[in-house]
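If you want the building blocks of each chain, they are given just below.
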Amino acid sequence: MTYTFTPIARIHSCFKEKFGIPRQPNLVKDAPSFLVFEPEFASPEAVRELQGFSHIWLVFVFHRSKPGQWQPMVRPPRLGGNKKVGVFASRSPFRPNPLGMSAVRLTSIEQTDQGPVLHLKGADILDQTPILDIKPYLPYSDIIQDSVGGFAPKAPGSDLCIEFSSQALAQCREREKEIPGLITLITQVLEQDPRPAYYDESPKNSHKIFGIRLFDFDLKWTQKGRAIHVISLDPV
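Bear in mind the structure is a predicted one, so any value in this text is a computation, not a measurement.

> I tried to follow the overall build of the protein on my own but got confused; where do I start?
Helix and strand counts for the protein come out as 3 helices and 12 strands. A compact globule built from 236 residues would reach a C-alpha radius of gyration of about 18 Å, and the protein, at 19 Å, matches this within 12%. Looking at the protein residue by residue over its 236 residues, the buried ones come to 36%. Entry remark: accessible area of the protein is about 14,100 Å², with carbon and sulfur atoms responsible for 53%. Taking the average place of the 28 positive charges on the side chains of the protein and the average place of its 25 negative ones, the gap between the two points comes to 9 Å.

Below, the structure is given as structure tokens:
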């Protein structure tokens, strides 16, 4: 049996490419995004009373995953990218049905001439991702006190030290006029160590420059051990 779904909205996030997206929601809790409904679903009545909920569930499509890419075993980053687990014991985007689900903070609902716009924080979702459904987060039901997290029992810790070059710091302060809290956001993103879990830290890679596309710039940095040095924010 085959089912067909129509996206109800698209999310506009600061993450413009897959590299650098947090591996789970709310790890970068200040990551801003907003959700715009497709015209046929852009009804103020459809979100009536939603503003009373602090968080919502987003059901979305991993639209950059190519059909047929799924495998029964995957290598989750949480296990260093070296150990395999079953795809259904992971949150890999490469699934038989490429569906994702994230609980994110709903900060406000803006009513516009084109319909309601949901302003969000903490999404781990690529820019322009199609949204299939929205559901309110219910603390009395969705928080399970005696739950067990398997091989990921708690949020990953970070002992990374993030420092900004004088150039990067000046660029951030200038851009914070339009992107409030940008320094905090960049720090939260880099604290997750977005490099591949299997990255080779041998001396030959000690001067490698990494880049993440955020908003309308490329964030450039180097990393040596647990120290990250932010170089610049390069326009794209």
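> Mind showing me how you'd approach helix H3 (residues 182–191) here?
One turn of the α-helix equals 3.6 residues, which is why residues spaced by three or four share an orientation. Counting buried residues in H3 gives 7 out of 10 residues, a clear majority hidden from the surface. Along H3, the residues that are buried comprise Leu-182, Leu-185, Ile-186, Thr-187, Gln-188, Val-189 and Leu-190. Where the residues of H3 are buried, they touch strand E2 (32–37), strand E9 (161–164), helix H2 (166–175), strand E10 (209–214), strand E11 (217–224) and strand E12 (227–235). Two residues or fewer after H3 comes Asp-193, characterised by a positive phi angle close to 50°.

> Would you mind going over the sheet that holds strand E8 (residues 130–136) with me for this structure?
Strand order in this closed barrel of 6 strands is E1-E2-E7-E6-E3-E8, and the pairing throughout is antiparallel. Each strand axis lies, on average, 45° off the axis of its neighbour in the sheet, ignoring direction. Inspection of the sheet shows strand E1 (residues 9–13) paired to E8 by 2 bridges, in the antiparallel sense. Following the sheet pairing, Ala-9 is matched in E8 by Ile-131.

> Would you mind showing me how to read the side chain of Asp-124 here?
Looking at the secondary structure, you find Asp-124 in the loop between strand E7 (115–121) and E8. For the buried Asp-124, no salt bridge is present, and the opposite-charge side chain at shortest range is Arg-91, 6.1 Å distant. A distance of 2.7 Å separates a polar atom in the side chain of Asp-124 from a polar atom in the side chain of Ser-102. Those residues within four positions of Asp-124 in sequence are excluded, and the remaining contacts are Ile-21, Pro-22, Arg-23, Gln-24, Pro-25 and Ser-102.

> Just checking my understanding: could you explain the pattern of salt bridges for this structure?
Evaluation of the coordinates by the stated rule reveals 9 salt bridges. The residue Lys-135 makes a salt bridge to Asp-133 at a minimum N-O spacing of 3.0 Å. Put simply, Arg-175, Glu-178 and Asp-216 are held in one network by salt bridges that share partners.

> Please clarify how a nonpolar patch on the surface should be interpreted in this entry.
Among the surface-exposed residues, Met-1, Tyr-3 and Phe-5 lie close enough to one another that they form a single nonpolar patch of about 490 Å² accessible area. Note that Tyr-3 resides in the segment before E1.

> I would appreciate a short explanation of the layout of surface pockets in the present structure.
Unoccupied space between atoms shows up once a probe the size of one water molecule is rolled over them. Counted as a void, the second largest pocket has a volume near 170 Å³. Lining the second largest pocket, in full, are Phe-5, Pro-7, Val-61, Asn-97, Pro-98, Leu-99 and Leu-132. A breakdown of the residues in the lining of the second largest pocket according to their chemical character gives 6 nonpolar, 1 polar and no charged.

> I'm lost on the nonpolar core in this one. Help?
In summary, soluble globular proteins display a tendency toward joint burial of nonpolar side chains. By size, the foremost hydrophobic cluster in this structure holds 28 residues, and its most contacted members are Leu-182, Ile-186 and Leu-214. For this core, the secondary-structure elements that each account for two or more residues are E9, H2, H3, E10, E11 and E12. With 5 residues, the single largest contributor to this core is H3. If we skip the residues at most four places from it in the chain, Ile-186 touches Phe-164, Cys-172, Leu-214, Leu-219 and Leu-233.

Conventions we followed
Residues numbered from 1 in each chain as written. Predicted model: local features only at pLDDT ≥ 70, side-chain atom pairs only at ≥ 80, totals over all residues. Heavy atoms only, no water. Helix = DSSP H or I, 4+ residues; strand = E, 2+ residues; numbered from the N terminus. Rg over C-alpha atoms; globule rule 2.2 N^0.38 Å. Buried < 20%, exposed > 50% of the residue type's maximum accessible area, 1.4 Å probe, protein only. Areas by Shrake-Rupley, 256 points an atom, 1.4 Å probe, with all protein chains shown as cover. Lys, Arg positive; Asp, Glu negative; His and termini not counted. Charge placed at Lys NZ, Arg CZ, Asp CG, Glu CD. Contact = heavy atoms within 4.5 Å. Pairing = 2+ DSSP bridges. Axes fitted to C-alpha atoms, helices over the stretch in contact; angles between N-to-C directions. Salt bridge = Lys/Arg side-chain N within 4 Å of Asp/Glu carboxyl O. Polar contact = N/O pair within 3.5 Å; in protein donor to acceptor, adjacent residues only side chain to side chain. Patch = residues over 30% accessible without salt bridge, like charges linked within 9 Å, V, L, I, M, F, W, Y side chains within 5 Å. 1 Å grid on protein atoms, 1.4 Å probe; cavity = no way out; pocket = protein on both sides within 12 Å on 5 of 7 lines; lining within 4 Å. Points joined across faces, edges and corners; volume = space filled by probe spheres on them. Nonpolar A, V, L, I, M, F, W, Y, C, P; charged D, E, K, R; others polar. Core = buried A, V, L, I, M, F, W, Y, C linked by side-chain atoms within 4.5 Å.

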